[in-house]
Each structure stands twice: as structure tokens, then as C-alpha cells.
Amino acid sequence: MLIEAQLRDKLRKIEALFAGAEIAGERLAAEAALQRVQARLAELERRDPAVEVQFSMPDQWSRRLFVALCRRYGLKPYRYRRQRLTTVVLRAPQGFIDEVLWPEFGELNRALASYLNEVTLRVIREEIHADASEAAEVPQALPAAGTRA
């Protein structure tokens, strides 16, 4: 599917940007980009002690992306018993979180959310109803007969 291929290409470019790729050939070498980020993480771990940071993810897609990105860099995300599923806890150098992990996650998450929105709207328009726009806004509320959750 063309849209999925475009998303994959965009995700690779975002990763290369945060890995510090300098030439176009490097941008295509995903393994080299990953190694650069892992080397940067190792350097930060030597000079910047790990801190425990708690993240709240707004949805399952963001959480899954964040956890996968952490694992990709050799980090071990977790949550404590009784914490919500939307919570992810991570021990890592603050510099790595601030300079690499969180900004890269933000870019990847925006790209993924855009893709999921496009696919959802396309399926709704093609299979449910052509008008997938938001509900109309009215000036005042009608008398309530009951509400639905």
C-alpha cells in the first residue's frame, strides 16, 4: 500500500534526523542510524546518571510506539503494579530522554497519528458513510430526553 510505504519512509527519515545523519546515503542506512543513537546513549550513560521518569500516554498507539522505541535503544520500559496501562516508567539518562528519545517519539507519534487518521477516515468514507466530518455545532441545547455514553 502506497500510504504505508510513505509512512515507513517518513519514520526512517525522522530516525535519521535524530541519529545525526549528515549525508543522504546515511539517511537510508537504518542500522547505522540505530548504532549512532545507541552510541550516544552509551556516552550519556557514562556522564549522566539514569533517572526514573514517568510518562503518560494518551492512547494505546502512542504507548506501543513509545515502548517499542525504548526497547529499540536497549531501554527497559515498565510500570508499577496498580499503575494505569497509560503509564510507562523508564530509567535512562535525562539528557538522552530530553535530546533524543522524547523529541523523536513526538515526531514519530505525529506521523503515526496522521497515518491512522487518514486510514480511519478513508475506511469510514468507503464503508460507512461518505460524510465523515464532525457533528454539527448548534447554538443551544435541546430539551434532554436522556444521554448516551
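Residues numbered from 1 in each chain as written. Predicted model: local features only at pLDDT ≥ 70, side-chain atom pairs only at ≥ 80, totals over all residues. Heavy atoms only, no water.

Student: Just to check I follow, could you spell out the overall build of the protein chain for this structure?
Tutor: Secondary structure summary: the protein chain contains five helices and two strands in total. The buried share of the protein chain, taken over its 149 residues, is 30%. Restricting the contact set of the protein chain to residue pairs at least 6 apart, pairs at least 24 apart contribute 67%. In the form shown here, the protein chain has an accessible surface area of approximately 10700 Å², with 53% of it arising from carbon and sulfur atoms. (Helix = DSSP H or I, 4+ residues; strand = E, 2+ residues; numbered from the N terminus. Buried < 20%, exposed > 50% of the residue type's maximum accessible area, 1.4 Å probe, protein only. Contact = heavy atoms within 4.5 Å. Areas by Shrake-Rupley, 256 points an atom, 1.4 Å probe, with all protein chains shown as cover.)

Student: Explain helix H4 (residues 60–72) to me, please; I cannot follow it from the model alone.
Tutor: For an α-helix the count is 3.6 residues per turn, leaving residues at separations of three or four pointing the same way. For H4, with 13 residues, the first-to-last C-alpha span of 18 Å sits near the 18 Å given by 1.5 Å per residue. The inward-facing, buried residues of H4 abut strand E1 (50–56), strand E2 (87–93) and helix H5 (94–127). A side-chain oxygen of the first residue of H4 lies 3.0 Å from the backbone nitrogen of tryptophan 61; this N-cap is aspartate 59. In the segment just after H4, glycine 74 is the residue with positive phi, at about 80°. (Expected span 1.5 Å × (residues − 1). Polar contact = N/O pair within 3.5 Å; in protein donor to acceptor, adjacent residues only side chain to side chain.)

Student: So what exactly am I meant to see when it comes to the packing of aromatic side chains here?
Tutor: Each pair of aromatic rings is reported with the distance of its centres and the angle of its planes. Taken as a whole and assessed by the stated rule, the structure comprises seven aromatic pairs. For the ring pair tyrosine 78 and tyrosine 80, a centre distance of 5.6 Å and an interplane angle of 85° mean the geometry is edge-to-face. Residue classification places tyrosine 78 among the partly exposed residues on the basis of a relative accessible area of 26%. Each residue in the set Phe55, Phe66, Trp102 and Phe105 is aromatic and connected to the rest through ring pairs, giving one cluster. (Phe/Tyr/Trp six-rings, centres within 6.5 Å; stacked < 30°, edge-to-face > 60°.)

Student: Honestly, the confidence of the model for the protein chain in this entry has me stumped. Any pointers?
Tutor: Reading predicted coordinates in detail is not appropriate for stretches of low pLDDT. Scored by pLDDT, the protein chain comes out at a mean of 82, with 78% of its residues at no less than 70. By mean pLDDT, the top-scoring element of the protein chain is E2 (95), and the lowest-scoring one is helix H2 (residues 24–27) (54). (pLDDT = per-residue confidence, 0-100.)

Student: Would you take a moment to explain H5 for this structure?
Tutor: Over its 34 residues, H5 extends 46 Å from the first C-alpha to the last, a length consistent with the 50 Å expected when each residue adds 1.5 Å. Taken together, the buried positions of H5 are occupied by Gly95, Phe96, Ile97, Val100, Leu101, Glu104, Phe105, Gly106, Leu108, Asn109, Ala111 and Tyr115.

Student: When you look at the nonpolar core in this model, what are you seeing that I'm missing?
Tutor: Note on soluble globular proteins: their nonpolar side chains tend to be buried together. Grouped together as the largest cluster of nonpolar side chains are 24 residues, with contacts concentrated most on Phe55, Phe66, Tyr73, Leu75, Leu90, Phe96 and Leu101. Put simply, the parts of the chain that give this core at least two residues each are helix H3 (30–47), E1, H4, E2 and H5. The greatest single-element share of this core, amounting to seven residues, is contributed by H5. (Core = buried A, V, L, I, M, F, W, Y, C linked by side-chain atoms within 4.5 Å.)

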